[in-house]
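Spelled out, the chains give:
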Amino acid sequence: MSERADLVVVGAGMVGAACAYEAARAGLDVHVVDRGAIASGTTGAGEGNVLVSDKPPGPELDLAVRSAARWRELEHELPTAFELEPKGGVVTAWATAGLQALRALAAEQATAGVVAHDVSDGALWELEPALSRELAGGLHYPGDLQVQPMLACAALLRGARAHGARVTPRCAVEAVERDGAGRVVAVRTSQGRIACDAVLVAAGAWSPAIAALAGATLDVRPRRGFVLVTEPLPPLVHHKVYAAEYVADVASAAAALQTSPVVEGTRSGTVLIGASRELVGFDPAMPVEVLARLAAGAVRLFPALRGVRVMRAYRGFRPFCPDHLPAIGPDAEVEGLWHACGHEGAGIGLAPATAEVLVAGLTGAPSPVDPAPFAPARLQGALAA
Amino acid sequence: MSAPAGTRVAFTFEGEALEALAGQTVAAALLAAGHRTLRTTRVGDRPRGMFCGIGACWDCLVVHNGVPGVRACLQPVADGDRVERQGGAGPPR
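A brief look at the structure comes next. (Residues numbered from 1 in each chain as written. Chains lettered and ligands numbered in written order. Predicted model: local features only at pLDDT ≥ 70, side-chain atom pairs only at ≥ 80, totals over all residues. Heavy atoms only, no water.)

Helices and strands together make up the secondary structure of chain A, namely nine helices and 18 strands. Rg of the C-alpha trace for chain A: 21 Å, near the compact-globule value of 21 Å for 385 residues, within the 12% margin. Here chain A holds 385 residues, and 57% of them are scored as buried. For chain A, restricting intrachain contacts to residue pairs at least 6 apart in sequence, the fraction spanning at least 24 positions comes to 75%. Of the roughly 14300 Å² of accessible surface on chain A, 55% is carried by carbon and sulfur atoms. Side-chain charges of chain A comprise 32 positive and 40 negative groups, with the mean position of each set lying 5 Å from the other. (Helix = DSSP H or I, 4+ residues; strand = E, 2+ residues; numbered from the N terminus. Rg over C-alpha atoms; globule rule 2.2 N^0.38 Å. Buried < 20%, exposed > 50% of the residue type's maximum accessible area, 1.4 Å probe, protein only. Contact = heavy atoms within 4.5 Å. Areas by Shrake-Rupley, 256 points an atom, 1.4 Å probe, with all protein chains shown as cover. Lys, Arg positive; Asp, Glu negative; His and termini not counted. Charge placed at Lys NZ, Arg CZ, Asp CG, Glu CD.)

A common way to report how large an interface is uses the accessible area buried once the components associate. Facing 10 residues of chain A, the contacting portion of chain B comprises 10 residues. Interface area, chain A with chain B, both sides summed: about 840 Å², of which 59% is carbon and sulfur. If you sort the residues of chain A by the area they bury against chain B, A:Pro232, A:Pro234 and A:Arg309 come out on top, with a joint share of 51%. Where chain A meets chain B, there are zero salt bridges. Of the residues in the side of chain A that touches chain B, the class split is six nonpolar, two polar and two charged. (Buried area = accessible area lost by both parts, 1.4 Å probe. Salt bridge = Lys/Arg side-chain N within 4 Å of Asp/Glu carboxyl O. Nonpolar A, V, L, I, M, F, W, Y, C, P; charged D, E, K, R; others polar.)

Bringing helix 3 (residues 96–110) of chain A into the picture now. Residues and elements named next belong to chain A. The first and last C-alpha atoms of helix 3 sit 21 Å apart over 15 residues, in line with the 21 Å expected at 1.5 Å per residue. The complete set of buried residues in helix 3 reads Leu99, Leu102, Leu105, Ala106 and Gln109. The buried residues of helix 3 occupy an angular sector of 120° when the element is viewed end-on, so they sit on one face. Residues of helix 3 that are exposed and angled more than 90 degrees away from the buried face: Thr96 and Ala97. Among the structural elements, helix 2 (59–77), strand 4 (89–93), strand 6 (137–141) and helix 7 (245–251) are those in contact with the buried residues of helix 3. (Expected span 1.5 Å × (residues − 1). Arc of directions from axis to C-beta.)

Attention now moves to the environment of A:Val184. By secondary structure assignment, the location of A:Val184 is in strand 10 (residues 184–189). It is 43 Å that separates the C-alpha atoms of A:Val184 and A:Val290, two residues lying 106 residues apart in sequence.

All names here are of chain B. Of the two faces of strand 1 (residues 8–13), only one is covered, namely that formed by Val9, Phe11 and Phe13; the face formed by Arg8, Ala10 and Thr12 stays uncovered. Pairing of strand 1 with strand 2 (residues 16–21) involves six bridges; the strand directions are antiparallel. The partner of Arg8 across the bridge, within strand 2, is Leu21. Strand direction decides the pairing type here: strand 1 and strand 7 (residues 81–87), joined by three bridges, are parallel. (Pairing = 2+ DSSP bridges.)

What follows deals with the nonpolar core. Residue and element names in this part refer to chain A. Formed by 70 residues in total, the largest nonpolar core has its most connected members in Val30, Trp71, Phe82, Leu156 and Leu200. Ranked by residue count, the leading element in this core is helix 1 (residues 14–25), at nine residues. For Leu156, the residues in contact, after removing those within four places along its chain, are Met14, Ala17, Ala18, Tyr21, Trp71, Leu74 and Leu78. (Core = buried A, V, L, I, M, F, W, Y, C linked by side-chain atoms within 4.5 Å.)

A separate point is helix 8 (residues 288–301) of chain A. Residues and elements named next belong to chain A. With 14 residues, helix 8 should cover 20 Å at 1.5 Å per step; its first-to-last C-alpha distance of 20 Å lies within 8% of that length. Those residues of helix 8 that sit buried are Val290, Leu291, Leu294, Gly297, Ala298, Val299 and Leu301. On the buried face of helix 8, the contacting elements are strand 4, strand 12 (221–230), strand 13 (240–243), strand 14 (258–265), strand 15 (271–277) and strand 16 (310–320).

Of note, the amide linkage connecting A:Gly274 to A:Ala275 takes the cis form, showing an omega dihedral of -5°. Assignment of secondary structure puts A:Ala275 in strand 15. The phi angle at A:Glu83 is positive, at roughly 55°, despite the residue not being glycine. A residue is classified by how much of its surface remains accessible, and A:Glu83, at 32% relative accessible area, is partly exposed. One non-glycine residue with positive phi stands out, namely B:Asn65, at about 50°. As for its position among the elements, B:Asn65 is in the loop between strand 5 (61–64) and strand 6 (67–71). In this structure B:Asn65 comes out as partly exposed when scored by relative accessible area, which is 35%.

Listed below in structure tokens is the structure:
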């Protein structure tokens with residue numbers, strides 16, 4: 001265990017990995033630590049979405065547009081492959097009212113550079129022949145991508161190591177040392193002490209606990225979700241397909257269970273089915289009634305899925321911020337403490353641009369998007385009840 | 001309906017007439033008859049057979065009486081069963 005680094009990144013998930021890569025590329029001496037294995041948190045519990053389609057105009061969409069472009073660059077830049085598929089997204093509506101709302105959203109998104117095509121006149125079923133014929137229509141977003149999240153996280157960390165970074169899994173941070181002026185000077189871990197100039201909290205839903213070690217508060221809450229994995233099938237679903245209600249679910253702050261169907265295929269032939277959202281703390285239970293709702297929603301969209309077997313289901317905790325923007329930047333009070341967390345269900349997609357914004361803050365380089373809306377200060381201080 | 005223990009059950013694998021003991025799974029009966037390859041992969045046509053043996057890995061998939069994607073390690077052999085290797089992901093379900 002090396003005893004010094006410029007930057008200690010706490011969290012070897014997608015956001016921590018991306019930040020480690022960008023910081024190492026910028027010449028910083030970086031050490032990534034994680035209490036578990038790499039990608040063992042929420043990164044390993046999602047679907048690898050890189051979406052521009054599901055975000056209304058605003059800072060998050062700007063970050064997403066930049067981040068999707070950066071993922072395409074990373075495909076050629078990183079040392080190992082990660083199944084990047086520019087498959088595109090298809091958003092469907094069951095009724096005319098929903099379709100009109102989709103069209104209005106697409107018109108707003110267009111001002112941010114997002115391309116969407118109305119395929120309601122029949123092209124929808126050319127794109128996805130197995131979709132229910134009872135749909136009113138839908139939109140095609142060619143800019144949506146998918147990556148394999150574990151492979152992508154590993155590729156980013158390999159890239160970071162190629163620039164001199166160190167990565168230590170199974171290394172839990174136990175304390176953050178601060179000097180007399182309150183500035184961060186070191187972390188103490190289960191594998192030893194690392195003196196450092198800066199600590200980056202990139203621990204997703206577990207970030208508040210890490211921030212607390214440095215005397216800081218951060219309002220990030222776990223928002224539980226499940227994914228069903230079907231048996232391997234012949235090619236059936238060609239894009240990421242979801243129902244229009246998904247956008248409203250993502251943007252809401254409701255604590256109660258919300259589900260809306262999200263269906264996509266994978267290179268291995270399995271079909272992944274989501275998506276549910278609940279604020280239940282870190283409750284690890286997997287209630288069958290929630291899984292049944294996800295299955296029913298998927299079968300309604302794709303009748304050919306009826307009778308297909310589910311091999312397994314898995315569960316993750318999205319890191320949720322009340323205003324639905326991640327925290328990226330310096331801590332409001334603790335000098336040397338930085339945050340890159342709180343991306344809810346968009347962490348995979350937003351990780352590369354998050355890293356650019358974060359490293360711009362660290363080094364003073366220009367940021368690709370305005371960092372002000374992501375300032376951690378808005379999530380700090382006394383927590384809401 | 002299961003036959004008394006020790007009874008032999010007749011089935012076919014890829015058209016070959018085989019016997020199983022009553023209660024044996026397809027995978028066990030095929031292994032006893034010297035057949036380890038139960039399917040070929042979707043990519044590369046590589047041979048696959050029983051791996052975990054307990055229904056968790058979904059690797060031992062066969063076409064059982066025309067139904068694809070059946071886990072051979074869980075499926076008891078019934079008299080007259082017709083088992084075939086699954087090529088790739090098999091036909092649409």
